[in-house]
Amino acid sequence: MPYLSAEDKQSFKENGYLIRHDLLNHEHIQAASDAIWAGLDADRTDPATWIGAGPRVPVPGSHAAIRGTVMDSPVFAAAEELVGKDRLNPGGPGPHLVFPTGEHDWAPASGGHLDGYYTPTNGVPEGTVGLFHVGVTIYVEDIEPRGGGFTVWPGSHRQAANYFRDHSFLSINGGSSRDVFDLPEQVEVTGPAGTVCFWHGQTVHSGSKNCARNIRMALIARLARKDLNDIRFETPDDMWTYWEGIQ
Amino acid sequence: MAGHVMAGNLTMNCVLSAAAEPELELAALLAAAQQDEFGAIELFRHRTSSCVVRDNLSVRDIRNALAASQVKLAAYEIRPLTGRKADSDERNLPYNLRQLEWDTHLGRALGIQTISVRSGTTSSQEQAQEARADLVEGLGQLVERIPDVTFAVGPAVDSVLQTAADFDELLSGIDGVGVILDVAPLRAAAVDLAAFARDWAQQVSLVRLDDGDVPVDEIADALTAADFNGPIVLESRDADLRQRVQTRFG
């Protein structure tokens with residue numbers, strides 16, 4: 001029984017992202033939330049201590065409860081329904097937290113980026129691009145509007161596919177796409193704990209300022225095809241050539 | 001491969017290096033190759049205007065340009081194996097190897113099966129010791145991780161791999177790695193080019209010749225005896241050099 005419908009796949013194909021709220025059960029969410037809280041310098045019962053708390057990565061992605069949100073749930077299988085069965089390398093997510101600022105002057109993200117690009121501090125080797133196929137963002141806390149939500153620019157994956165047919169993957173400095181793409185209105189992903197956003201690896205995205213009460217507790221996985229090294233420089237006319245579930 | 005001329009028991013693969021015209025972008029380099037009737041070129045990941053990562057060029061653009069010109073890509077050099085981060089000079093072999101793997105997969109996407117690489121330059125005795133260790137370890141890891149290509153390592157000025165003794169020390173114990181007989185840096189280190197050709201003929205994967213003092217006859221004899229059939233890359237458009245190479249190798 002597949003997890004994604006034809007409508008889900010069509011939505012992903014058109015917009016470059018897909019949101020589902022029913023793939024994780026309470027145990028998955030609770031275990032991941034507990035693991036994160038155990039590593040935070042904040043009182044779980046006192047929201048005042050959540051403002052500007054830390055650390056941003058309170059638990060490694062290798063923690064069983066964190067990895068389990070993708071690999072022990074239907075999430076990985078759903079991602080494979082997009083790319084093709086047995087096509088993706090297994091992989092768990094890592095925590096990406098945005099702490100409340102305590103401020104109220106929220107503003108939309110000023111510009112998005114593509115992942116995998118070198119900056120002097122992010123560990124990506126200079127002159128390389130860390131491509132992947134499916135991004136997965138999982139909320140393990142309720143995220144309301146203006147709460148630091150993961151933000152996407154719908155359709156930007158199609159612009160990227162067009163662009164890279166006649167440009168080097170390295171031509172976007174630091175992954176910053178502001179001057180490269182004609183970006184539409186952004187969408188801030190919100191939803192209850194357990195919300196899962198699948199996004200195309202070349203969808204422009206960003207974080208945003210957290211003016212809400214909750215810590216934005218997101219887990220983000222980047223899943224690549226097993227044959228990535230054989231196809232990482234391919235930019236076919238049909239951008240879905242390597243997405244057997246989408247064709 | 002284009003540019004082959006079978007003669008005797010040696011296959012002639014004369015290749016124009018982008019280093020011969022470092023200011024030319026890819027289209028102009030291909031035009032130069034056509035003009036000089038080269039069937040193949042050598043490109044670099046870096047250091048020439050025709051390098052393969054120009055902003056306005058995708059891999060498919062490069063493939064299309066090669067196909068349209070009917071000039072093959074016969075040789076490709078990736079960034080140097082330094083064992084260090086270029087932006088901070090910090091020793092970090094895994095970081096450098098990830099760069100070289102990326103460069104190598106780009107070469108694979110262009111259809112290249114022999115990947116050229118050099119050691120990085122060194123500025124101190126301590127760095128040189130680290131560079132030697134990283135060169136041996138790094139080559140070993142690359143060979144293991146990307147088994148469907150052959151890595152060929154060549155000399156570079158001011159690097160830990162320049163003299164005959166450097167080759168003896170560093171490469172004798174590594175299996176599955178080819179050698180680039182690159183006359184310019186070898187000559188700069190006062191290496192006996194004919195002797196080097198004889199000593200390493202069985203492992204030579206690629207030859208780079210310039211228009212300096214090159215013992216073409218002796219090199220050709222050594223490589224012929226070893227049944228060499230790799231690319232002979234010319235780093236000059238000098239007609240005399242081309243004629244000498246074609247006469248002796250062809």
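Before reading further, recall that the structure is shown in the block above.
What you see is a predicted model, and the numbers here were worked out from it, not measured in a lab. (Residues numbered from 1 in each chain as written. Chains lettered and ligands numbered in written order. Predicted model: local features only at pLDDT ≥ 70, side-chain atom pairs only at ≥ 80, totals over all residues. Heavy atoms only, no water.)

Novice: I'm lost on the pairing of strand β8 (residues 216–223) of chain A in this one. Help?
Specialist: One face of the sheet, then the other: side chains in a regular strand alternate in exactly this way. All names here are of chain A. Burial within β8 is extensive, with seven of its eight residues counted as buried. One ladder, built from five bridges, connects strand β2 (residues 94–98) with β8; its direction is antiparallel. Its bridge partner lying in β8, Leu 97 is registered against Met 217. Relative to β8, strand β3 (residues 134–139) runs antiparallel, the two being bridged by six bridges. The partner of Thr 137 across the bridge, within β8, is Ile 220. (Buried < 20%, exposed > 50% of the residue type's maximum accessible area, 1.4 Å probe, protein only. Helix = DSSP H or I, 4+ residues; strand = E, 2+ residues; numbered from the N terminus. Pairing = 2+ DSSP bridges.)

Novice: Would you mind going over helix α7 (residues 193–200) of chain B with me for this structure?
Specialist: Along an α-helix, residues three or four positions apart point the same way, because every turn accommodates 3.6 residues. Residue and element names in this part refer to chain B. Most of α7 sits inside the fold, with six of its eight residues counted as buried. Within α7, the full set of buried residues consists of Leu 193, Ala 194, Ala 195, Phe 196, Ala 197 and Trp 200. Capping of α7 at its N-terminal end is provided by Asp 192; its side-chain oxygen lies 3.1 Å from the backbone amide nitrogen of Ala 194. (Polar contact = N/O pair within 3.5 Å; in protein donor to acceptor, adjacent residues only side chain to side chain.)

Novice: How should the layout of surface pockets be read in this particular structure?
Specialist: Empty space among the atoms becomes visible once a probe the size of a water molecule is rolled across them. Taken as a whole, the largest pocket holds about 610 Å³ of empty space. Surrounding the largest pocket, 26 residues form its lining, Gly130(A), Leu131(A), Leu228(A), Arg232(A) and Arg98(B) being those nearest its centre. Mapped onto the lining of the largest pocket, the elements with two or more residues apiece are β8 and α6 (228–231) of chain A together with α3 (93–109) of chain B. Ranked by residues supplied to the lining of the largest pocket, first place goes to α3(B) with four residues. Partitioning the lining of the largest pocket into residue classes produces 10 nonpolar, eight polar and eight charged. (1 Å grid on protein atoms, 1.4 Å probe; cavity = no way out; pocket = protein on both sides within 12 Å on 5 of 7 lines; lining within 4 Å. Points joined across faces, edges and corners; volume = space filled by probe spheres on them. Nonpolar A, V, L, I, M, F, W, Y, C, P; charged D, E, K, R; others polar.)

Novice: Whenever I open this one, the interface of chain A and chain B confuses me. Can you help?
Specialist: How big an interface is tends to be stated in terms of the accessible area lost upon association of its parts. Each partner contributes residues to the interface: chain A has 24 residues there, and chain B has 22 residues. Surface buried jointly by chain A and chain B totals about 1,900 Å² across both partners, of which 49% is contributed by carbon and sulfur atoms. When the buried area of chain A at its contact with chain B is split by residue, Pro125(A), Glu126(A) and Phe233(A) rank highest and sum to 31% of it. Counting across the chain A and chain B interface gives three salt bridges. Joining chain A to chain B, the criterion identifies 17 residue pairs in polar contact (both at pLDDT 80 or more). Taken together, the residues of the side of chain A that touches chain B break down into nine nonpolar, eight polar and seven charged. (Contact = heavy atoms within 4.5 Å. Buried area = accessible area lost by both parts, 1.4 Å probe. Salt bridge = Lys/Arg side-chain N within 4 Å of Asp/Glu carboxyl O.)

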